[in-house]
Amino acid sequence: MMRALFSAMLVMVGLTGCDTTRDVSAKPRYATLVGREVRTKVPMWLYDFNTPTAPQHPSLLTEKDSGDHRKVGQLPVGHQVRFNQARRIRNGTSVNEDLIGVTVFKGQTYNIEYDTYANLGEKAWLKLFVRFDAERPPEKTYR
């Protein structure tokens, strides 16, 4: 009996530690952002974390200046980006949603990832429409 209980506990611990990623692009909250080009409404910073050992890591697009490490530069207001996908990442107990896309900066194309901050509260993702020139979806679609 104890052995079965211990085995079940190990399985449960293992399941909560699994990372999962799924496409959530079809969510109505992303309808005016994914699959189209939008422009920034605030200055944005671009950080490139590609290295010889991780050449496919997307560059980080953020409105926060996080120092000079791997900083490419600041994108001005009105800079064009294209989001191709929204994805939900579950990492243990943490859940986040990112927009994945592409932008061209100083003649170079960057695959980008933008944190929607959906993990900070039910309506935190609405800040997307303060930062990008996409139309805000109707409130009835927020869930």
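Residues numbered from 1 in each chain as written. Predicted model: local features only at pLDDT ≥ 70, side-chain atom pairs only at ≥ 80, totals over all residues. Heavy atoms only, no water.

Notes on the overall build of the protein chain
Helices and strands together make up the secondary structure of the protein chain, namely two helices and eight strands. From first element to last, N terminus to C terminus, the protein chain shows the α and β order α-β-β-β-β-β-β-β-β-α. The buried share among the 143 residues of the protein chain stands at 36%. Considering only contacts in the protein chain between residues 6 or more positions apart, those separated by 24 or more positions represent 57%. Looking at the protein chain as shown, the accessible area adds up to about 8,900 Å², and 55% of this sits on carbon and sulfur atoms. (Helix = DSSP H or I, 4+ residues; strand = E, 2+ residues; numbered from the N terminus. Buried < 20%, exposed > 50% of the residue type's maximum accessible area, 1.4 Å probe, protein only. Contact = heavy atoms within 4.5 Å. Areas by Shrake-Rupley, 256 points an atom, 1.4 Å probe, with all protein chains shown as cover.)

A short note on the pairing of strand β8 (residues 108-115)
Pairing analysis gives two bridges linking strand β4 (residues 59-62) to β8, with the strands arranged parallel. Bridge pairing links L60 to E113 in β8. By the bridge criterion, eight bridges tie strand β7 (residues 94-105) to β8 in an arrangement that is antiparallel. Note that in β8 the partner of T103 across the bridge is Y110. In this antiparallel pair of consecutive strands, β7 and β8, the connection spans two residues, and K106 shows a positive phi of 50°. (Pairing = 2+ DSSP bridges.)

With respect to the pattern of salt bridges
Evaluated as defined, the whole model comprises five salt bridges. The salt bridge involving K27 is made with E97; its shortest N-O contact spans 3.1 Å. One end of the pair, K27, is in the loop between β1 (19-23) and β2 (36-39); the other, E97, is in strand β7, and 70 residues separate them in sequence. Of the charged contacts, one joins R29 and E97 as a salt bridge, the two residues approaching to 3.6 Å between their closest N and O atoms. On the criterion of sequence distance, the pair formed by R29 in the loop between β1 and β2 and E97 in strand β7 is long-range, its members being 68 residues apart. With a relative accessible area of 8%, R29 lands in the buried category. Its relative accessible area of 2% is what places E97 among the buried residues. Residues joined by salt bridges that share partners form a network here, namely K27, R29, R88 and E97. (Salt bridge = Lys/Arg side-chain N within 4 Å of Asp/Glu carboxyl O.)

Considerations on the confidence of the model for the protein chain
Mean pLDDT over the protein chain works out to 82, with 83% of the residues at or above the 70 mark. At the low end of the mean pLDDT range in the protein chain sits helix α1 (residues 2-16), at 47; at the high end sits β2, at 95. Across residues 4-16, where pLDDT falls below 50, the model places two contacts with residues more than four positions away in sequence or in other chains. (pLDDT = per-residue confidence, 0-100.)

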